[in-house]
Amino acid sequence: MSKKASYYNEMNETDKEINHKIIKNMNKRVNYLKNPRYKVNKNPNLFSYINTKQEIVTQKDQVTSVRVTPKQIIFRDYMINGIYEISLYVTNATKLLQRIKILPPAKQEFMIAEIKYPSIDEGTIASGMSAILKIRFNPSSLAEFDDQIAILTEDHILKVPLLARKEPPQLDLPPLLDCQSCWLGDHVETSFVVKNTGGEAGYRFFIPGMDYQEEGGENVIHIGNFQLTPVEFFLSKGDTQVIHAIYKPDREGEVTEEIILGCDNQTESKLKLMGKGNMVELKISGIDETDLEQQSEQLKKIFFNHPIPNQPTIRKLILRNKTSVRVKYHWSLFTTENELNLGDDQNVFSISPFEGYFEPNSNITFEISLKSEEYYPLFQFANLIIDDIPFESIRNPPPSLLAQFENHNTIVIGANSIKPSITYFEFELISKTALSKVESQPPFYRFPVATCINTLQKYSFKLKSNNNSKLKYQITPVHYGTALEEYIQQKEGVFQDEQTIELGFTAVKVGTSHIAYRIDFDYADSILITIYANIVAPEIQIDLPWLNYGLIQTYSLESRELSITNISVVPATVKVESMSDQRLVFNRDPIDLNPGQIVKYKVEFNSREAETYQDFLSFTVEHGECTVLDVFAEVQTPSVSLNRLNLHVDTLYCGNTYTFDQRAQQYIVLQNLGNIPTPFEWQLPQSTEKYIVQFEPRKGVLKPKTNQTIKFSIKPKQGGQLNELFVCEVHGLQYPLGFEMNTLVYGLSVEYELIDDQAHVSSKVSVHSKSNKSLNQTRQSILKSSDGVAEPQIKNQSMEKLEFFNCFINKPKQAKFLIKNTSGISTQFSLSMKKYQPQPLDELQSTLQDDFDAKSRTIKFAESSISKSVNKKGKITQGGRPVILLTNKIEKTQNFTSEAGQQLNKQKKMENDQRHYLSNNLGVAVVFEPPSGTLNAYGSVVIQVTAFNDICGLYEDTVFCDIRGLTIKEFPFQIDIKGSPIIISPNQLGFNYKGDYPSYELGTFMRNSGSITREFRVQNTGPQDVEIEWKIYNLGNTDGKDFFTIAITDPPLGSDQLCDVKFIANVPPESTEGPFHVTPQRERIRGRREKHFTINYQTGISGRYQACIVAQPRMLTSDQPIGEVALYINADTITPKLYFDKLERVDNQGHLVKFVKFSNGPNKRQQKRLVLVNQQKSSLVCSLEIEGPFKLAKSSTNSPQKYELEAKTKNEVAKTFNLVQNSHMELEILFEGYLPSDNQNWPLTYKVYNQGLLRIFFANGDEQIIYFEGVLLRPYIHLNTSGIDMLEGPEIIDFGNVREEKILSIFISNLSTVPAIWKLQHQKNPLRTNIVETTMTMLDKEEMAKTDDPSVFSFQVTEGNLLGPSTMVHTLPHATALPHRITLEDIHDLGIIPQKIQIIFKPKEEKMYKSKYRIKVQDGPFVEFTLKEKYDGDLLLIGKDCICIAVEQLLFIIFNNIRMKIYDNDLNCFQSSYFLNYMEISLELIVNHQQFFKKQIIR
């Protein structure tokens, strides 16, 4: 044979690709699973199981394979014989084809009209498809119907309820119809209003136990004593019906009848009709305190014993109503039995109450009153009449009433009904009158003290009667002498019970007197009252026997004082009189003196001409004697003279003082030539403008026969002729004394010059009038300086007028001029303005007064690191000297010395002065410094003129210069002021005044936060009203327009430029729709007032906005132009947002925060802390809201602003914050999830995801969302019965045929991170006995033959706590290559080792054992497995065939692994150790299946 070529042993590309696919398929894991339809073997469901099997579910369950819509069929608003249909959708909710069977409803009203399947094959529904059932309802009545449809699926039976519900009627008819009470023989009608608040229905009344009959064709039903109408009625929803019930009782007591109200929806309601029959019975219970209940005879006569005339006498009659109903009554009074009398004027008897009602089972007390003026007996009759009651209703009538029944005689009085009135009781009233008794308290009276003669003395007596009747009285005096006059306040009258009378007398003689009065009454006996008194006369005493004034001056006033004493025991009235011509002055009013009282009395003498005066005073005592005093006085005239009548001097000079006394040739002397001292006083002139005079002494008293020299001084102040008269007033002389002075006074001259600021003029020169030098010599000496060198003269411009030009508003301007005194006379000057006079300043002390003394008070600062120092011993001491507060006094004593400081002081003073001077509200104030002063002889004064202003324009005025001794000098004044009085008020918060125009930073705000308002103030510094109108120009948005217009023109003549370029500013358009608005837009600002304006800022777009608001002021009083006012305003609008801080693992883009909750307890990932920071330039007000199974456990913030929208309780977590800039809030978010027992929201699965979010609502309406994701984790146990990684073993673990003992191992792994608390439990598997043998399968036969004995199986571990996640069962490599040996370190790195459970099988008998076990996990899904084994004694007969099979399996595994390693071109790892490792793994697999051959195979 020829050798084949080598390429024949190689595979072509097609074969290689096929072999690669084969090898790849061999590496795939094969799961031998059943069809999901038959994964769980169950017997088919039959319709016979509907009422017996537990697999029946309702529409509320969620585990059915089909879903019905709606969950139940409800028919509403149906009528009889109507046909209604509703569609029922049956949807396949699984992934497999489902077959259903439908059981129709049982009742004839329901039926399945049509069944429409989604396919041709009836009874089957594909996945997601629906079958439509047309459910038809044909009601036979308006009642409610209940039924169901049963849907049979492959695993469950679903019942769908069929309901017919018509809205039931709702009547507000009470179950008890109370027809009230009625008298026997009468009837009562009651109406009941019924309202239907439910569905419409028809109704009819039925009598229980009787068939329906139409009674006489009327819509009325009769039952017992009751009658109802209407019998039938129909009510829609909201309708009402009135039911009338008539009750006619035939016996006394309560009567009830039952009646049925039937409805057309086959429901009924039982009602009760109730009525009460009444009878009346009245009884006399007693009169006054006497009980008449037990007396058999009826009271007929009522006596009134000993009544008093005109006084009511009352007896009380008690009547009782012995029935339980009200009885109407009234009384009838008459004089005779046959005569009726209804008039009250003739009735002396009255009854109260006269008419009314007897309440059920109650008593009424009637007051029978007698009041008469007669003495003889009176007789009347009183009958009690009951109304509106039939005769048949009276029970136990009295004898008088029985007689009325027999005679059919009734009296109808006061009745207004068709029923007769019945006289129930008849009484006779009998009375007799008597006289009253009156007494006086007291019966007589004696005055305790003596009384004055001719004085009225009176006393009040009280009359008392023994009853309340009215009595007439008359008082008559009974005299017991002629020296008395009686007094009666009221001689006659009428009184009742008590009366006060006033009686008295007047005596005309001294001694003891008395008088009696008799009082007569019309219905009482007369009484007598006597009054006694002791009569005396008053007497006085005067301390002086006469009144002597001595020597007095004419036309003067002298006074003397007397003491008057009442020495009697009674009061005295004294009257003083004089017989002179009114020269005695005293109080002429009467003097009242009590007994023993002393009074000081003043008498004055008004002298006139010289005379010797004599008179007398009479003191007359009323009702007493008269006392007379003599009056004496010697009146003389004063005699005073002056030594000269004129004082002549040739010449006087202004400013010099001239004195005239005894040293001079001419002097003044006063001489008193009389005998009495005489006062004198020199009168000074009121005006001191021309001269000043002095007298020494100016006033005094000239003693008799003496002289007084007067020192006279005069100082002229103005030049000219002096002709004056000087007067001295002498007391007592009719005309004053005086002298005349006539002389010539020389005056002064003044000049005015304008000077500049550098000019210096001395004003410290003066001229003394007492100098011996001549005027020319004095003038030359003044013009020389102190060193003997003459001062050069300053040549200034003569001042004709005063002008101020180029002045600016609120900027004072100054000028200076000189006032020169060219005469040798010192004088005074004053400067003023005609119109623009400044507001006068207060005194300097009041403006610069300190609030406290800086020397006595010091300021100590709080202890801090600055003010403390440490001594050598380590103690902290207070360092430094105390700081003294800067006050106005310090500024005056220790003021600035530098030039800048002096300038600052000058500016401060100027500002204060302007604010004060311009308070004259004229706009201009001209201040002169000094405004007035002394102008020395040959001296000069520099005047500084300061013009203050706060208004613009050209103003004119006149300056007045008043020099004492000269006429007033006038100078024209003119000032021109430019500028505007309207300014933005300084020192406003948020304003920047450093630029050309003020700017206002409004701040940073959130968008859509509403209108933001800010106020600013505009001040009118002038006194006149100004009107302004604001215009707004937005900045930053020019819309492509130019700011300037360039104009190129020809250059001016003589210029070397080619052209002339001018930039003309363009007026920007006014903004009307911008974010800024000023209110009010136009406003009038009064003078010296400040006006508040509001800037409204509102926008919904974020960004920075700038604008300029401009106002053009306009004066209301003139058309002068005023400068503009401008203000820049800026504002920022932001979108609110909070930023994360101090939180890891947060998706900042989506703001996703993840949480994890374990079913068996808390963990660290269940609660997280969020820190949200406000990194924006504005405060953010926000509130929190959490959705989903999450909870805000705790919240806090470091923001100093607390903002709570709602009051929270003590344990409530704050959800509203006000975060300032760079502040944050900390939130503790807890993932609550659901309870592990809530299988609906947390099913028994490994993971359940819950979504939630945190909504942050800002004050402007914006919202920020942070998403939450919560994972609910349960422990998830995975059972591995094969022992091979990623290879699921069978659920039924078969031990095979075992003779003695066999051990197998299973593994449980916890696939979740939640610790699994597990426990192994045996599950009972009852035998099935209802299976026919011919239909048994192999599984059924095995189930019939099994033995469920858990004692033959023993487990190494039956419970425990398995942590997770567990590693897989590493009995096979991870890949198809041979791995390295797995060590303990590898296992530790991989995770937690699965729990290995060894199962030992020890059979007891030769049977087949089969038991089912469940591994139950706390709060987790369970797993089940079945152990199956069979005891066989012939197992040892198995031979080498089994060994060969085992070896063949081992070799097959090894071959496959080696082939895959060759395929991966990695043979370096094929070593003996790895091979032995795989040998052990493969042997372990074989041992798991064939435990019996373990030892033999290893050998």
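None of the values given here were measured: they were computed from a predicted structure.

A. Layout of the overall build of the protein chain. Counting secondary structure elements, the protein chain contains 11 helices and 102 strands. Carbon and sulfur atoms make up 50% of the accessible area of the protein chain, which totals about 89300 Å².

B. Unusual backbone geometry, seen in detail. Omega for the peptide link from S352 to P353 comes to -5 degrees, which places this bond in the cis form. Position of P353 among the secondary structure elements: in the loop between β26 (349-352) and β27 (355-358). In this model, E929 is joined to P930 through a cis peptide bond whose omega is 0 degrees. With respect to the helices, strands and loops of the structure, P930 is situated in the loop between β67 (924-929) and β68 (932-935).

C. Up close: the sheet that holds strand β94 (residues 1277-1280). Taken in spatial order, the 4 strands of this open sheet run β94-β96-β100-β98, and their pairing is antiparallel. The outermost strands of the open sheet, each flanked by one partner alone, are β94 and β98 (1353-1355). Averaged over all pairs of adjacent strands, the angle between their axes in this sheet comes to 25 degrees, without regard to strand direction.

D. Region of interest: a nonpolar patch on the surface. Together, F1043, F1044, I1046, I1048, V1061 and F1063 line one region of the surface with nonpolar side chains, adding up to about 680 Å² of accessible area. Among the elements of the structure, β77 (1044-1049) and β78 (1060-1065) are those that each provide at least two residues to the nonpolar patch. Residue contributions to the nonpolar patch peak at 3 residues, all from β77. Position of I1048 among the secondary structure elements: in strand β77.

E. Summary view of the pattern of salt bridges. Scanning the model with the defined rule gives 42 salt bridges in all. For R165, the salt bridge goes to D146, with nearest N and O atoms at 2.6 Å. Of the two residues, R165 sits in the loop between β11 (157-164) and β12 (176-183) while D146 sits in strand β10 (residues 145-152), which places them 19 residues apart along the sequence. By relative accessible area, which is 22% here, R165 ends up partly exposed. A residue is classified by how much of its surface remains accessible, and D146, at 40% relative accessible area, is partly exposed. Put simply, D250 and R251 hold a salt bridge, and the shortest N to O gap is 3.8 Å. Among the residues examined, D250 registers a relative accessible area of 53% and is labelled exposed. Taken together, the salt bridges that share partners define one network made up of E252, E281, K322 and R395.

F. Up close: the sheet that holds strand β93 (residues 1263-1273). Here we have 5 strands laid out as an open sheet, ordered β86-β93-β92-β88-β90, and mixed in their pairing. Every other strand in the sheet has two partners, leaving β86 (1152-1158) and β90 (1216-1219) as the edge strands with one partner each. On average, each strand axis in the sheet is inclined to that of its neighbour by 25 degrees, with strand direction left out of account. By the bridge criterion, 4 bridges tie strand β88 (residues 1180-1187) to β90 in an arrangement that is antiparallel. Each residue of the ladder has a partner; that of C1182, found in β90, is F1217.

G. Molecular detail of the side chain of D1349. Considering the arrangement of structural elements, one finds D1349 in the loop between α7 (1338-1345) and β98. Side-chain polar atoms of D1349 contact the side chain of S1351, separated by 2.7 Å. Apart from the residues within four sequence positions on either side, D1349 is in contact with K1404, Y1409 and S1411.

H. Focus on the environment of G1420. With respect to the secondary-structure elements, G1420 resides in the loop between β101 (1408-1417) and β102 (1423-1431). Judged by relative accessible area, G1420 falls into the buried class, the value being 9%. In the structure, G1420 is positioned 106 residues away from V1314 in sequence and 9.8 Å away in space, judged by C-alpha atoms. Excluding residues that lie within four positions of it along the chain, G1420 makes contacts with L1244, R1274 and P1275.

I. Highlighting helix α6 (residues 899-917). Given a rise of 1.5 Å per residue, 19 residues ought to cover 27 Å, and the 26 Å separating the end C-alpha atoms of α6 matches this to within 8%. Along α6, the positions that sit buried rather than exposed are G901, N905, M910, D913, Q914 and Y917. Its buried side turned inward, α6 meets β63 (813-821), β67 and β69 (940-949).

J. The confidence of the model for the protein chain, seen in detail. Confidence along the protein chain averages 78 in pLDDT terms, with 79% of residues attaining 70 or more. Across residues 52-62, where pLDDT falls below 50, the model places 21 contacts with residues more than four positions away in sequence or in other chains. In the model, residues 338-343 has pLDDT below 50 throughout and makes 9 contacts with residues more than four positions away in sequence or in other chains.

K. Spatial organisation of the nonpolar core. One finds L670, W682, F712, I819, F1016 and W1030 to be the most contacted residues of the largest nonpolar core, which totals 88 residues. If sequence neighbours within four positions are ignored, I819 has contacts with V750, E751, Y752, F829, L831, L935, G939, S940, V941, I943, C961 and I963. With 35 residues, the next largest nonpolar core counts I284, V325, I368 and L384 among its residues.

L. Quick look at the pairing of β67. Buried residues dominate β67, accounting for 5 of its 6 residues. Relative to β69, β67 runs antiparallel, the two being bridged by 6 bridges. Bridge pairing in β69 places V927 opposite T946.

M. Representation of the packing of aromatic side chains. Taken as a whole and assessed by the stated rule, the structure comprises 59 aromatic pairs. Plain terms: the ring middles of F425 and F427 are 6.1 Å apart, the flat faces sit at 35 degrees to each other, and that makes the pair tilted. Relative accessible area serves as the criterion here: at 3%, F425 is assigned to the buried category. Residue F427 is classed as buried on the basis of its relative accessible area, which comes to 2%. Taken together, a centroid distance of 6.3 Å and an interplanar angle of 80 degrees make the contact between Y601 and F619 edge-to-face. Highlighted residues: Y601 in strand β47 (residues 598-606) and F619 in strand β48 (residues 611-621), separated in sequence by 18 residues. Of the residues examined, Y601 reaches a relative accessible area of 5% and is grouped as buried. Overall, the relative accessible area of 0% leaves F619 in the buried class. In textbook terms, an aromatic cluster arises when at least three aromatic residues are bridged by ring pairs, as seen for Y329, W331, F358, F366, Y424, F425 and F427.

N. Looking closely at α7. Turning to α7, its buried residues are D1340, E1342 and E1343. Mapping the buried residues of α7 onto a view down its axis gives an arc of 160 degrees, with all of them on the same face.

O. Representation of the environment of T554. Note on placement: T554 falls in the loop between β42 (546-553) and β43 (557-566). Sequence separation between T554 and N606 is 52 residues, and the spatial gap between their C-alpha atoms is 8.6 Å. If near-sequence neighbours (up to four positions away) are discounted, T554 is found in contact with S607, R608, E609, A610, V635, Q636, T637, P638 and G732.

Basis of the calculations
- Residues numbered from 1 in each chain as written.
- Predicted model: local features only at pLDDT ≥ 70, side-chain atom pairs only at ≥ 80, totals over all residues.
- Heavy atoms only, no water.
- Helix = DSSP H or I, 4+ residues; strand = E, 2+ residues; numbered from the N terminus.
- Areas by Shrake-Rupley, 256 points an atom, 1.4 Å probe, with all protein chains shown as cover.
- Pairing = 2+ DSSP bridges.
- Axes fitted to C-alpha atoms, helices over the stretch in contact; angles between N-to-C directions.
- Patch = residues over 30% accessible without salt bridge, like charges linked within 9 Å, V, L, I, M, F, W, Y side chains within 5 Å.
- Salt bridge = Lys/Arg side-chain N within 4 Å of Asp/Glu carboxyl O.
- Buried < 20%, exposed > 50% of the residue type's maximum accessible area, 1.4 Å probe, protein only.
- Polar contact = N/O pair within 3.5 Å; in protein donor to acceptor, adjacent residues only side chain to side chain.
- Contact = heavy atoms within 4.5 Å.
- Expected span 1.5 Å × (residues − 1).
- pLDDT = per-residue confidence, 0-100.
- Core = buried A, V, L, I, M, F, W, Y, C linked by side-chain atoms within 4.5 Å.
- Phe/Tyr/Trp six-rings, centres within 6.5 Å; stacked < 30°, edge-to-face > 60°.
- Arc of directions from axis to C-beta.

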